[in-house]
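Overview (structure and organization)
In case you want the letters, here they are:
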Amino acid sequence: MTRIIGIISGKGGVGKTTTVSNLGTALVDMGKKVIILDANVTTPNLSLHLRIPFYPITLHDVIKRKAPIEKAIYEHISGLKIIPASLAASEIEDIDMDKFESILWSLLGKADIIIVDSAAGLGREAIAAIEASDEIIIVTNPEIPAITDALKTIKVAERKGTKVLGAVVNRCRAHRHEMSLKDIKHMLEVPILAIIPEDSNVPKSISKKIPLVSLNPNSQAAVEFRRLAEEIAYGMKTTSRKKKSLLRRIFFWMS
Ligand code: ADP
Ligand code: MG
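Our subject in this report is the structure included herewith. One numbering rule holds for all chains: residues counted from 1, following each sequence as written. For this description, chains carry letters from A and ligands carry numbers from 1, given in the order in which they are written. In keeping with the predicted nature of the model, local features appear solely for residues at pLDDT of at least 70, side-chain atom pairs appear and are counted solely at 80 or more, and the whole-chain, interface and lining totals rest on all residues. To obtain the side-chain values, all non-hydrogen atoms of the structure were included, while hydrogens and water were left out.

**A look at the packing of helix 6 (residues 144-160) against helix 7 (residues 181-188)**
Contact pair helix 6 / helix 7: the axes reach a minimum separation of 10 Å and the direction vectors enclose 30°. Viewed along their axes, helix 6 and helix 7 adopt a mutual orientation that is roughly parallel. Two packed elements cross with a definite hand, and for helix 6 against helix 7 that hand is right-handed. Where helix 6 abuts helix 7, its residues Ile-147, Ala-150, Leu-151 and Ile-154 lie against Ile-184, Met-187 and Leu-188. Across the contact of helix 6 with helix 7, the residue classes break down as seven nonpolar, no polar and no charged. Between the N-to-C directions of two axes lies an angle of 0 to 180 degrees, each axis being a line fitted to C-alpha atoms and, for a helix, fitted only over the stretch in contact. Only DSSP runs of H or I covering at least 4 residues are called helices, and only runs of E covering at least 2 are called strands; the numbering of each starts at the N terminus. The labels follow the angle: roughly parallel below 35 degrees, roughly antiparallel above 145, roughly perpendicular from 65 to 115, and oblique for the rest. Note on convention: near helix rotated counterclockwise from far helix by under a right angle means a left-handed crossing. Clockwise means right-handed. In what follows, residue pairs with any heavy atoms lying within 4.5 Å of each other are defined as contacts. Under the scheme applied here, ten amino acids are nonpolar (Ala, Val, Leu, Ile, Met, Phe, Trp, Tyr, Cys and Pro), four are charged (Asp, Glu, Lys and Arg), and all others, including Gly, are polar.

Structural data, given as structure tokens:
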């Protein structure tokens, strides 16, 4: 069974794409078949976090029905599969996110886990990612604006019937101005899945286009990303997931 997990935040720049590339790589290292997909179609950057040399066909071509999804899947050297979005500004127009859900469902069976990198905010891209995912992980930072947006995102996801697995609190510095984990948990009312420290190895890994879990596997943040992967792969098997109904999937797939 393929799980579709959306990585969502509300606020921008909190670490969604970093989480997607590292979580995906860590899951592949654990033997899982994983596809990561860039659903941030207006300002994509997943393909900048991992080195994939040449990708002529992107999610944009699939959304515009110029190519089948299979042609937009590229294999990273780690074994992680990636569906990039186009970096060209000219590709942004005429993007219809209504078909996004059915596109994702056409990937069912092709991986154990599909991880969706979402856009910031709660505009059409983020909403499409929330609607298409079975489960979502909220990425946030330990500060009021990020937590406020995270809370709003959780409420939207709950209204859409998408299960919220929990929150990843990223860029923690144990600074006295930060919100405490107790307050974050109290406000969000979802499990805290991982606490990722502020780590200068993260921007270094992005500049090298190598996920931190591969570049510096022993760094503090990498250890936390691996722990998150274990939690996702093994920790939640027994919790009841509100899977989108098979009927709904078939309906969308055929429409
Ligand atoms: P988003 O996808 O939510 O916009 P990104 O993953 O692109 O966020 O991260 C935004 C910036 O924050 C990046 O430049 C990255 O280097 C930095 N960053 C993310 N996580 C960490 C971390 N744990 N420590 C240090 N810098 C980080
Ligand atoms: Mg991003």
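Now that the structure has been shown, the text picks up again.
**Details of the environment of Ile-95**
With respect to the helices, strands and loops of the structure, Ile-95 is situated in the loop between strand 4 (81-83) and helix 4 (100-105). When a residue's accessible area, from a 1.4 Å probe over protein chains only, is under 20% of the maximum for its type it is buried; when over 50% it is exposed; and in between it is partly exposed. A relative accessible area of 7% places Ile-95 in the buried class. Between the C-alpha atoms of Ile-95 and Val-41, which are 54 residues apart in sequence, the distance is 8.1 Å.

**Quick look at the packing of helix 1 (residues 16-29) against helix 10 (residues 220-235)**
Helix 10 packs onto helix 1 with a crossing angle of 65° between their chain directions and a minimal axis gap of 9 Å. Classified by the angle their axes make, helix 1 and helix 10 are roughly perpendicular. Like other packed secondary-structure pairs, helix 1 and helix 10 cross with a definite hand, here right-handed. Contacts between helix 1 and helix 10 involve Thr-18, Thr-19, Asn-22, Leu-23, Ala-26 and Leu-27 on the former and, on the latter, Phe-225, Arg-226, Leu-228, Ala-229, Ile-232 and Ala-233. Of the residues belonging to the contact of helix 1 with helix 10, the class tally is eight nonpolar, three polar and one charged.

**Quick look at the nonpolar core**
Here, the term nonpolar core denotes a set of buried Ala, Val, Leu, Ile, Met, Phe, Trp, Tyr and Cys residues that are joined through side-chain atoms within 4.5 Å. Leu-37, Leu-59, Phe-100, Leu-104 and Val-116 are the most contacted members of the largest nonpolar core, which totals 42 residues. Apart from residues lying up to four places away in sequence, Phe-100 is in contact with Leu-37, Ala-39, Leu-59, Val-116, Ala-128, Ala-129 and Ala-132. Judged by nonpolar contacts, the second largest core, of 37 residues, contains Ile-137, Val-213, Ala-221 and Ala-233.

**Looking at the pairing of strand 6 (residues 135-140)**
Most of strand 6 sits out of view: six of its six residues are buried. Of the two faces of strand 6, both are covered, the one formed by Glu-135, Ile-137 and Val-139 as well as the one formed by Ile-136, Ile-138 and Thr-140. Should DSSP find at least two bridges between two strands, the strands are regarded as paired. Pairing of strand 1 (residues 3-8) with strand 6 involves four bridges; the strand directions are parallel. Bridge pairing links Ile-8 to Ile-138 in strand 6. Bridge count between strand 6 and strand 7 (residues 163-172): six bridges; the pairing is parallel. Directly across from Val-139, in strand 7, lies its bridge partner Val-168. For the crossover that starts at strand 6, traverses helix 6 and ends in the parallel strand 7, the hand is right-handed. A clockwise course of the path from the first strand over the helix to the second, judged with the strands pointing away from the viewer, identifies a crossover as right-handed.

**Notes on unusual backbone geometry**
For Ala-174, which is not glycine, the phi torsion reads 55° and is therefore positive. Residue position: Ala-174 is located in the loop between strand 7 and helix 7. Even without glycine at this site, Glu-189 takes up a positive phi of about 55°.

Read these as geometric descriptors, not functional statements.
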